[in-house]
Amino acid sequence: MSLIKLNNQSISAVTALPSGVGGKILQIQSTLYTTTFTQSLTVNTATGINNLTLNITPSSTSSKIFLFGRVFCELNAGAENAVYFFTRGGTKINSGDTAGNRTTGMATIGSNFSNNENDTPDTVSMFTVDAPSSVAQQTYQLAIETHDATTINVNRSVADTNNGYEERGSSEIIAMEVGA
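Parameters at a glance
Residues numbered from 1 in each chain as written. Predicted model: local features only at pLDDT ≥ 70, side-chain atom pairs only at ≥ 80, totals over all residues. Heavy atoms only, no water. Pairing = 2+ DSSP bridges. Helix = DSSP H or I, 4+ residues; strand = E, 2+ residues; numbered from the N terminus. Axes fitted to C-alpha atoms, helices over the stretch in contact; angles between N-to-C directions. Phe/Tyr/Trp six-rings, centres within 6.5 Å; stacked < 30°, edge-to-face > 60°. Polar contact = N/O pair within 3.5 Å; in protein donor to acceptor, adjacent residues only side chain to side chain.

Asker: Could you clarify how one ought to interpret the sheet that holds strand 10 (residues 138-146) in this entry?
Answerer: Strand pairing in a sheet is mediated by backbone hydrogen bonds. Such pairs are either parallel or antiparallel. What the 4 strands build is an open sheet, ordered 5-10-7-8; its pairing is antiparallel. At either end of the open sheet lies a strand with only one pairing partner, and these are strand 5 (47-56) and strand 8 (91-93). Here the average twist between neighbouring strands, direction ignored, is 40°. Two strands pair when backbone bridges link them, and strand 7 (residues 82-88) and strand 8 are joined in this way by 3 bridges, in the antiparallel orientation. The residue bridging Arg88 from the neighbouring strand is Thr91, located in strand 8.

Asker: What exactly am I supposed to notice about the packing of aromatic side chains here?
Answerer: If you walk through the whole model with that rule in mind, you get 3 aromatic pairs. Note on Phe66 and Phe68: the rings are 4.4 Å apart at their centroids and 35° apart in plane angle, and the pair reads as tilted. Geometrically, the ring pair formed by Phe66 and Phe127 is edge-to-face, given 6.5 Å between the ring centres and 75° between the ring planes. Pair noted here: Phe66 is in strand 6 (residues 64-75) and Phe127 is in strand 9 (residues 122-130), with a separation of 61 residues, a long-range link.

Asker: For this particular structure, what's the right way to read the side chain of Ser60?
Answerer: Here Ser60 lies in the loop between strand 5 and strand 6. Side chain to side chain, Ser60 and Ser62 meet in a polar contact 3.0 Å long.

Asker: I'm lost on unusual backbone geometry in this one. Help?
Answerer: What you tend to see is this: most non-glycine residues have negative phi, and most peptide bonds are trans. Located in the positive-phi region is Ser133, a residue other than glycine, with phi close to 50°. Locating Ser133 in the fold gives a position in the loop between strand 9 and strand 10. The phi torsion at Asp160 lies on the positive side, around 50°, for a residue other than glycine.

Right under this line is the structure:
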């Protein structure tokens, strides 16, 4: 097996990209999940959403990771009290400033006109740029925190019956390494 060289260095020795590479997409990792599931949530506890995780290994310490996420879901209760965000290694990234006991995140369900928590799923979408400053594998996950002890129903409604108006969907997380 031959060793790949970049600017006369082995790939494992490269900590900065060569001139002219910045701003280009270097790799894309994604997880698309189409199966339905439910997951219990604990009050005021950041919880990674099962099956919506991925790993990406940056090729340089100067790389940025552009994250996209969407969750098709419905909570059994308290949808208006939930926030969504990304975690890296289990820690929230790029969420709001903390203040008192307020929950911080990146996205909420923008409106809940009928407060219908039985057969009207929502889609929460968000994106951000992260700078892990590392060439070690990074694990990203979509996550949720709520003020209610409840259940999240992913890719389905709460009732999930075959009435013709209870939708199903898909959820996804995407990470793109951008050369800096």
